[in-house]
Structure formats: structure tokens, C-alpha cells
2 protein chains.
Amino acid sequence: MLNIIDKSKISETDFLNKLKERNQVELDDITNNVKVILDDIKSNGDNAVFKYTEKFDNVKLTKNSIKIKKEDILKAYDNIEDRYIEILKKAKDNIYKFHKRQITNSWITNENEGETLGQIVRPLERVGIYSPGGTASYPSSVLMNAVTAKVAGVQKIIMFTPPKNEGVNSAILVAADIAGVDEIYCVGGAQAIGAMAFGTDSVEKVDKIVGPGNIYVNTAKRMVFGYCDIDMFAGPSEILIIADETANPKYIAADLMAQAEHDVLSSSILITPSEKMVKETLKEIKVQIKDKKRKDIIEKSFENYGAAIIVKDINEAIRISNVIAPEHLELCIENPFEKLNSIKNAGALFMGNYSPEPLGDYFAGTNHVIPTSGTAKFFSPLNVDDFVKKTSLIYYTKEALNKVKSDISYFAKKEGLDVHGDAVDIRFEENKKNI
Amino acid sequence: MLNIIDKSKISETDFLNKLKERNQVELDDITNNVKVILDDIKSNGDNAVFKYTEKFDNVKLTKNSIKIKKEDILKAYDNIEDRYIEILKKAKDNIYKFHKRQITNSWITNENEGETLGQIVRPLERVGIYSPGGTASYPSSVLMNAVTAKVAGVQKIIMFTPPKNEGVNSAILVAADIAGVDEIYCVGGAQAIGAMAFGTDSVEKVDKIVGPGNIYVNTAKRMVFGYCDIDMFAGPSEILIIADETANPKYIAADLMAQAEHDVLSSSILITPSEKMVKETLKEIKVQIKDKKRKDIIEKSFENYGAAIIVKDINEAIRISNVIAPEHLELCIENPFEKLNSIKNAGALFMGNYSPEPLGDYFAGTNHVIPTSGTAKFFSPLNVDDFVKKTSLIYYTKEALNKVKSDISYFAKKEGLDVHGDAVDIRFEENKKNI
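These numbers come from a predicted model, not from an experiment. (Residues numbered from 1 in each chain as written. Chains lettered and ligands numbered in written order. Predicted model: local features only at pLDDT ≥ 70, side-chain atom pairs only at ≥ 80, totals over all residues. Heavy atoms only, no water.)

Draft legend 1. View of helix 8 (residues 215–224) of chain B. Burial of helix 8 of chain B is extensive: 7 of the 10 residues sit out of reach of the surface. For helix 8 of chain B, the full list of buried residues reads Val217, Asn218, Thr219, Ala220, Lys221, Met223 and Val224 of chain B. Where helix 8 of chain B is buried, its residues meet helix 9 (215–224) of chain A together with helix 2 (28–57), strand 4 (126–130), helix 7 (189–198), strand 7 (208–210) and strand 8 (229–230) of chain B. Capping the start of helix 8 of chain B, Asn214 of chain B holds a side-chain oxygen 3.0 Å from the backbone nitrogen of Tyr216 of chain B, two or three residues further along. Looking one or two residues past helix 8 of chain B, Gly226 of chain B carries a phi angle of roughly 115 degrees, positive in sign. (Buried < 20%, exposed > 50% of the residue type's maximum accessible area, 1.4 Å probe, protein only. Helix = DSSP H or I, 4+ residues; strand = E, 2+ residues; numbered from the N terminus. Contact = heavy atoms within 4.5 Å. Polar contact = N/O pair within 3.5 Å; in protein donor to acceptor, adjacent residues only side chain to side chain.)

If you want it as C-alpha cells, here you go:
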């Protein structure tokens, strides 16, 4: 059950510290193993990819079978209900509409005579999405990653997912197809990351790798950062609910449990000034949990990282929430918009009693790839800007350069880069060659 | 001297491969040493920071001397010329004006009745800038990093720079002060990165670390990524000049040499369809190089990574440039804006004969922290977006949620997350408690 914490009695709780450390695992063995795999792929390409796929996934790949065939993707549509296909398409449309608003335009400015400056925004050319196998294999995540890249204008989107003897999950294939993924490869783990980052005969190198993965995948992503770009590291999922006495304990109980069903490492936290709300929420959990399939996971998760924190008032609740910087924050309070400006750190913010977290996971159109483990202090939900790059543009006329030449030259020489200064000065030396 | 490469005679040149590998150094020894330092700082805070500063920089620090005093910063103004101070201020103003245009506003949208979605943009709270010592200590870089963070609205900007017995370079202190840096600490190397990423008694943990550094600093930054955010890894500097017969070989020679004076690892490349332009540029280099202080570095750099590539036409030049994805690209051609749309990968783009690269380094207002070593394919010049984080906002009314509840519930259950579906459904069960 949830850990009950009374903030008036404890100044800095062990619980908050425990939470902070949750995602900071570094295992030397894993690092070394992943390095061997990546080095091997860098040197030996496809052969190394095939070797590790056989070793870890027990599947023999060839240049012919590494990529899933278009007809197999189309066949996947027959394996899932029409309603599921319709919902995937609706979700895709909503994601598309929301992310369209994130597009940044190129711009130029001519503030002074003869001086043109600007910023050109262009999509990345090739993006690779990692989609894990097993229970963490979510069609919704495929949509979130692929549609966002598509909106940005990425030309080629490829996806990697672990091979399975029974074939890849049909819903994953359909989601990828609906989202506009161009090619799907059945390779998983660190070997998938290596193939995307370095390129092989069968796989063209990508500019960026996105998507969640296990510790091997995350370690590999960290190591290839710089060869290509990567997204943030997705840790265990989290919810923090700030509630006043107007909230409904039934909904709070349900939302806390929804988060906890993900994983025994998930964290579900209620912060409220109302002791009554805590009591009723606990009572509700006891009622609702009975018939849940994932009861054991929920209970374990609550024990590990679940909490009900009783505070003086809503402002103190928000202060603690800003320290935790949760992935998902629900404001189940009377006037949530009144407090919007006080929320400094949160990945996604759910306002009021009828905006439960699963609405954002599946349907509203906002991205569900959101920073975890306190990284919402500096990371953002996945967005269109993650799939573009910018180029600065500088154009001065001769007259405009003439006005600033001596300042540039002086500054450069002060920094000991005399030739930088000379490169400006030489353009104004008396000389027949000047044009 | 520059390597001359005739593209019509060589299909894939060794030179381009050599260039690609330039920045991909990974040294296990350094990684291990840096890991020891970071682990020590994580466990022992200030004491570890003081220990490594004494070991590597031969300076004994205390809690009292680790931070440079305000009066010492003010005194630094007396040590540099008034003109220098004026130029630093003008450069700061230009950087400020350009970067102001990069600010992204928060937005909300109400496309459908009862559905409010949005994106809230907020500055990072604390940012740390690393400013290297020695010859790589540039006041202009301090401006570029600090002013950009300031424009984003960062509340607290701190700077770390290696200690020196004779005191830190006055121009660095003045530039930091002009740019709005709040605190300056005299600690360098991996220990500076550790102190900023983990926090110690003397140093409050930052949300992001930016600024160039040597291999120890870069390795440490890679390792702390996730504890805080980091900027990209700055490699050796590069210029690529695309020239047609209207260009001036005198200017090209000067611009290539300016890049080469940075470092023997710098790369200066001319690509042109005009053999005459190559000949005249080489002749010009021979004339101009004679009286340069850094002649030896320039020559060595040209030998290592300098090239004049002769191509069929300007379009082929641009194609090669897009593969190289240079940090700085000069288009010294008759109508540079005609080709703007073909330039896919470049950090900063200098148009025409009077926009030399040092204009961007020092004065135009664009950022000179620009992706190197081909990473302009996926990274951008440092910009205001690097110092903000975003929060998604979701607010549905009961009626709006009611319309989509069964789709969400269906989707969640298909992914095996039944309780996610229950959390939506429970809000519409017949019940006196519903509000």
C-alpha cells in the first residue's frame, strides 16, 4: 500500500531521496558488454548484427530477412479488429494536429541596412525508432515517435524491433504503417542501436534514434550519442496527483493504480492537504484493486515508490511537486488554471477531474514520450523540434561589413586569433582585385 | 599546403573518410579516469573537488576561495582597455537581439468544444557554463553561451573555469559579467563537470552544462548526461568554402587560413569548379602566410585536413558539402541566395564575398557555438531553445472526455493496460460521488 508521509512531521523525507536515486543505475558489466557489441558492428556491419541476433534472440537473420516485407505489413491489418485500426487512425490524427502547431518556421531579419541574419529550419533526413518487444511493445508509442518525426518532415523513418519466431506483433506493424514508417527491421537490443548509428550494408545510418528500451538499449544509445543524435532516456513511469477536498478519491485511486500497473518501479504519489482525502483514497484503492489482473504489480509498485504526502496547503504541494519534477502531474483542485504559473517542472500537466492521465497516453494528441525521474527540470516531451536542425544565416553587404570591420578585427586580435582579423581587413585593402 | 583533390578522377576520396573519422576518438583510459573523478565527487562533494584541483592544477582551494569574489570581477575591468569593454558590450547587444527572435511562446488551442491542449515553455532554472583555460579561453565564447541562456530567461547562470595562480584572465571575467553570469567558480576539468552535475556544499546542482572543453571535460559531460542536460560536443573547427569564378582568391586564402590558425586539427576546405581559382588561392596563401604568427599551425592544419576539391559544377560542390555537413559554410558565388534551398547540412551559412566567417564568430549576433564534424546533420547552433523546457497541457471537460472515453478504454485494454482504461471508465459510472 502507499507510504503515508506527513510533511509537518518530517522535514526532508527519505522517500524523496529514494525517488531521486531510482533511475540512476550504472552497471559496468552492461557498459562493457554493450561496447563490445557496438565496436563489432562498427567493424563488421551486418555480420555482427546477425551474430548477436542469433545469440540473444535465437533467430537467424539474412540480408533478405532483416527487413520486414511490405506484404507482411499489409497482412498484419487482417490480424487486428477494424475498430482497433480505426482508433489507431483517430489517435494518429490527433497527434498529427497537436504536433503541427509545434512547427518552427525559418526566419530572416534585416534590422540594419545591409545586414541580413536568419535561422533556417530543416527536418532531419533519416530517423530510426526503436520499439521494444515483449510487454513493453506499445503501438501507441510507435505512433508518438513516428507521427512526430513525420510532422517535422523527416524524409525516411525506419523502425527496429526485436525478431520473434511467431512474427512481430501485428498492432505494432499496423501502427507503424499508419504513422508513415518507411521500413521495419527485426533486430533488437544494443545491436539495433549499433546498426542505426553506424550503418551497415543492409541499414543506412540514421541522423537520430528515438524510442524506449531496456538497459542495454539505453546504454547503447548513450554510447552512440554524437555519431547520431538520440532522444532522452525513458525511465520508469510516474504520476503525481495534487488534490484538494474537491477532488474525487475514487478517481484518484484509479489514476494512481493506472500508473502503478506499468511496472514495480513506477511511482504514484498523491499530495494533498486533506487527511480525509488520503483516507478515502486508500479505502477506494482497497475496493478497486480486488479485481485487477495486475494487482501484484500495483501493490509492489505502491510499496516501492507510492506515497500519499500530507501537506499544509496546495502551495506546499506544488513546491514539493516542483522538486520531484514528475513525468505526469494531475491538478485535481478546484481552479487548476489558477495555479498554472506555479508549476515549474512537469512533463505533462492534466487539469481538473476529467483529464485523467490515460487521455494523454492514448488520445488527446499530446506526446506520451515525456521526461521521467526528475528530468522534466531540463528535458521536454518529445516534439517536432526534436526532429529538425537549424542553420544560422549571415549575409552582410560590403558597406555593412565596412562599418564593423575594425571592431571584429580588434576583438579577434585580442583573442590571439590575428588571422581572423586579417580575413576581415584584407577585404578593404586597396587592391585592383577587390570586386 | 592544401591537399588538391580532383573529383573527376577519384570517386570516393580517402580525404573525406579521413575527415569523417576526425572526431571519433574514444579512449578507455580517459573514460576510466574520469569515472573515478565523477564517482568521488558524487560521494565526497567539495573535498573531492578540492583534491583533484590540487592534483591537476596545483591550486589549493577552500570553500572560501572556490568562488571568485564580486570585487575581483569588478577589478578585472581595470585590467582591460575601454575599447575592448565597448566591443564586448556591442557584441553582447547583437547576440541579444538575434537570440530574442528565437524565443518560443507558450500556446494553447481549443480546436474542439471542451478540449484545451497546450504547450507551456519555461526557462531552465540553473545553467552552468564551462570556460576552458589556456589558449582556448575565449571571452567571445562566454558571451555566446551566457547571453543565450539569459535571453531564454535562465534565473541563475554560473561559470566554471580552471584556476590559475596569476588569477583568471580579466577579459573572461568581464565578458561573464557583461553577459550576466551570476557566479564564477575557479575549478576546471572533469571535476568542474562533476561539481555542476551532482552539486556539492559549495555548488548548487545545475540543470544543464554548456561550453567547450578538452577530452576530459567532454568525456565527463557525456557521463553526466541524464543527471543534467548537456550541449553538444564541440570538436575541432571547420570551414568549407564553395566558390565560383566570381570569388576573390585573396579572400578565400585569408578565410581558409583563419580557420586553420585555430588548431592543427582544424579543417579548411575549398570546393570549386574553377581550377584557376585553386591555383590563385594557393598562390595567395603563399603570399599571405609569410608574416603570420601562427604560420606553423596553419601549415600543419592544411596538411592534415585542408583541401581544395575541384568539381564539375556548383551543384556537385553543394552535394559534397551536404555530405561533409560543415560547421561553417561560405558561399562565395555570384547569387548565393539562389542556392540556399540546396544547402541541407551546415551549422552556419555565410553568403557572398563580404560575410567572412569571423563576422559570425564575433559580431553579427548569430551564435558561434556550432555543430562540428558532420553533426550539423542533426545538431543546431546553440540557441534559446537549448535553455528552455516544455510542458504539455491537457484539459478536457467531463462532456469532452465522455465523447472519447470508450476509444481510450479500448486502446488501453488492447495494450494490456486495463487499469488505464478503468481510470477513464470509472469517471462515468453511476455514482453519487461524481461531481
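Draft legend 2. Main features of the pattern of salt bridges. Following the criterion strictly, the structure yields 52 salt bridges over all chains and no others. With its nearest N and O atoms 3.1 Å apart, the salt bridge here joins Asp229 of chain B to Lys208 of chain B. With Asp229 of chain B in strand 8 and Lys208 of chain B in strand 7, this residue pair connects regions lying 21 residues apart in the sequence. Note on accessibility: Asp229 of chain B and Lys208 of chain B belong to one class, buried. Among the ionic contacts, a cluster of salt bridges with common partners joins Lys292 of chain A together with Lys413, Asp422 and Asp425 of chain B. (Salt bridge = Lys/Arg side-chain N within 4 Å of Asp/Glu carboxyl O.)

Draft legend 3. The arrangement of the nonpolar core in detail. Core analysis: the largest hydrophobic core is formed by 266 residues, its most contacted members being Phe160 of chain A together with Phe160 of chain B. Broken down by element, this core gets its largest block of residues, 9 residues, from helix 2 of chain B. With residues up to four places along the chain from it excluded, the contact list for Phe160 of chain A reads Ile129, Tyr130, Ser131, Tyr185, Val187, Ala192, Ala195, Met196 and Val203 of chain A. (Core = buried A, V, L, I, M, F, W, Y, C linked by side-chain atoms within 4.5 Å.)

Draft legend 4. Layout of helix 10 (residues 249–260) of chain A. Residues and elements named next belong to chain A. When the terminal C-alpha atoms of helix 10 are compared, their 16 Å separation across 12 residues agrees well with the 16 Å that a helix rising 1.5 Å per residue should span. Most of helix 10 sits inside the fold, with 12 of its 12 residues counted as buried. Buried within helix 10 are the following residues: Pro249, Lys250, Tyr251, Ile252, Ala253, Ala254, Asp255, Leu256, Met257, Ala258, Gln259 and Ala260. At the N-terminal boundary of helix 10, the capping side chain belongs to Asn248, with an oxygen 2.9 Å from the backbone nitrogen of Lys250. (Expected span 1.5 Å × (residues − 1).)

Draft legend 5. Representation of the interface of chain A and chain B in the model. Tallying the contact residues gives 129 residues for chain A and 129 residues for chain B. The three residues of chain A that bury the most area against chain B are Tyr354, Phe411 and Arg427 of chain A, which together make up 7% of that side's buried surface. For the interface between chain A and chain B, the tally reads 16 salt bridges. Note that Asp385 of chain B and Lys390 of chain A form a salt bridge whose closest N and O atoms lie 3.3 Å from each other. At the boundary of chain A with chain B, the tally comes to 67 residue pairs in polar contact (both at pLDDT 80 or more). (Buried area = accessible area lost by both parts, 1.4 Å probe.)

Draft legend 6. Quick look at the relation of the copies chain A and chain B. Each copy superposes on the other: chain A lies on chain B with an RMSD of 0.0 Å after a rotation of 180 degrees and an axial shift of 0.0 Å. Expressed as an axis order, the relation between the two copies is that of a two-fold axis. If distances are taken from each C-alpha of chain A to the rotation axis, the shortest is found for Arg222 of chain A, at 3.9 Å. When the interface residues of chain A are mapped onto chain B, 100% of them are again interface residues, pointing to one common binding face. (Least-squares fit on C-alpha atoms with pLDDT ≥ 70 in both.)

Draft legend 7. Representation of the environment of Ile271 of chain A. Residue and element names in this part refer to chain A. Relative to the helices and strands, Ile271 resides in strand 10 (residues 267–272). The spacing of Ile271 and Ile320 is 49 residues in sequence and 8.6 Å in space, taken between C-alpha atoms. When near neighbours in sequence (up to four residues on either side) are disregarded, Ile271 contacts Leu240, Ile241, Ile242, Ala243, Ile309, Val311, Ala317, Ile320 and Ser321.

Draft legend 8. Seen up close, the packing of aromatic side chains. Summed over all chains, the structure comprises 25 aromatic pairs over all chains. With centroids separated by 5.9 Å and ring planes inclined at 70 degrees, the aromatic side chains of Tyr84 of chain A and Phe411 of chain B adopt a geometry described as edge-to-face. Of this pair, Tyr84 of chain A sits in helix 5 (residues 82–100) while Phe411 of chain B sits in helix 14 (residues 398–414), on two different chains. You can call Tyr84 of chain A buried: its relative accessible area is 4%. With a centroid separation of 5.2 Å and 80 degrees between ring planes, the pair formed by Phe337 of chain A and Tyr395 of chain B is classed as edge-to-face. Separated into two different chains, Phe337 of chain A in the loop between strand 12 (328–332) and strand 13 (348–351) and Tyr395 of chain B in strand 14 (residues 388–396) make up a pair that spans both. Joined through ring pairs, the aromatic side chains of Phe225, Phe378 and Phe379 of chain A together with Phe225, Phe378 and Phe379 of chain B make up one cluster. Lys92 of chain A extends its terminal NZ or CZ atom over the ring of Tyr96 of chain A, reaching a point 5.8 Å from the ring centre. We note Lys405 of chain B situated over the ring of Phe428 of chain B; from NZ or CZ to the ring centre the distance is 4.9 Å. (Phe/Tyr/Trp six-rings, centres within 6.5 Å; stacked < 30°, edge-to-face > 60°. Lys NZ or Arg CZ within 6 Å of the ring centre and 35° of its normal.)

Purely geometric stuff here, so don't read any function into it on its own.
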